[in-house]
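The primary structure of each chain is shown beneath.
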Amino acid sequence: IRSLNEVSESNKEVSEKYLVKVTELGEIARDYQAVQKLMNAHLITFMPQEKEAFEVEIATTSESLKTNTLEYSSYIDDTDSEKFQLMFDNINKYFEISPKIIELSNMGDSYGAFQMMNTEIGPISAEIEVLIEELIEMNHDAVDKAKDVQNDTVKSSYVVIIASVVALLVLMALALLYVNA
């Protein structure tokens, strides 16, 4: 019974921690990529109305990204805190630089905006994407380890149950022999 409780606790940990973390990381990746696409779209359009519309979408998607990042932070532990902090710091750097790029784009300096996007945002983006992938992989590995523990626990429970049944049958056979003797 204790072993089955361990399996139950392990299932609970997987569903409440690791799978939630992977979901949050997926949402962070989705929002981050959306912000990147919106920034690029802002840079290539020359229509002021379209630039304004992209800025509204960038702001909305950026808020979602911030919310999802904070949501993930409530689940971090010792295994992923360092990588999360790096990702969080890089996302904050991104948010510090992106208004400057939008400003250059709005002033009509597309070349300067693209150059800043490539030299300052490019390396940050690459690191953010790698960190997201590493965090997802770490959480998938944690789920796999939890599944292994569950499988081992279930197997050992079966062994105990089978041994108990065999012991009971042996005792019953001995009791029958004793009664018949």
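Residues numbered from 1 in each chain as written. Predicted model: local features only at pLDDT ≥ 70, side-chain atom pairs only at ≥ 80, totals over all residues. Heavy atoms only, no water.

### Observations concerning the overall build of the chain
Helix and strand counts for the chain stand at four helices and zero strands. Seen in sequence order, the chain has helices and strands lined up from the N terminus as α-α-α-α. Over its C-alpha atoms the chain spans a radius of gyration of 28 Å, topping by over 25% the 16 Å that the globule rule assigns to 181 residues. A fraction of 78% describes how many contacts in the chain between residues 6 or more apart in sequence connect residues 24 or more apart. In the form shown here, the chain has an accessible surface area of approximately 11,300 Å², with 61% of it arising from carbon and sulfur atoms. With 14 positive and 31 negative side-chain charges, the chain shows a spacing of 5 Å between the two charge centroids. (Helix = DSSP H or I, 4+ residues; strand = E, 2+ residues; numbered from the N terminus. Rg over C-alpha atoms; globule rule 2.2 N^0.38 Å. Contact = heavy atoms within 4.5 Å. Areas by Shrake-Rupley, 256 points an atom, 1.4 Å probe, with all protein chains shown as cover. Lys, Arg positive; Asp, Glu negative; His and termini not counted. Charge placed at Lys NZ, Arg CZ, Asp CG, Glu CD.)

### Details of a negative patch on the surface
On the surface, E129, E133, E137, D141, D144, D148 and D152 cluster together into a patch of negative charge. As for its placement among the helices and strands, D144 is situated in helix 4 (residues 110–180). (Patch = residues over 30% accessible without salt bridge, like charges linked within 9 Å, V, L, I, M, F, W, Y side chains within 5 Å. Salt bridge = Lys/Arg side-chain N within 4 Å of Asp/Glu carboxyl O.)

### As for helix 3 (residues 81–106)
Given a rise of 1.5 Å per residue, 26 residues ought to cover 38 Å, and the 38 Å separating the end C-alpha atoms of helix 3 matches this to within 8%. Roughly 25° is the biggest bend found in helix 3, and it falls at I97, with proline P99 one to four residues downstream. Restricting attention to buried positions, one finds in helix 3 the residues F84, M87, N90, I91, Y94, F95, I97, S98, I101, I102, L104 and S105. A positive phi of about 90° marks G108, the residue just after helix 3. (Expected span 1.5 Å × (residues − 1). Bend = angle between axes of the 7 residues up to and from the residue. Buried < 20%, exposed > 50% of the residue type's maximum accessible area, 1.4 Å probe, protein only.)

### What about the packing of aromatic side chains?
In total, this model carries four aromatic pairs according to the counting rule given. Both rings, one in Y32 and one in Y94, keep their centres 5.3 Å apart while their planes meet at 65°; by these two values the pair is edge-to-face. Note that Y32 is positioned in helix 1 (residues 2–44) and Y94 in helix 3, a separation of 62 residues in sequence. Like Y32, the residue Y94 is buried in the burial classification. In this structure an aromatic cluster arises from ring pairing among Y32, Y94 and F95. Lying across the ring of F95, K66 places its NZ or CZ 4.7 Å from the centre. (Phe/Tyr/Trp six-rings, centres within 6.5 Å; stacked < 30°, edge-to-face > 60°. Lys NZ or Arg CZ within 6 Å of the ring centre and 35° of its normal.)

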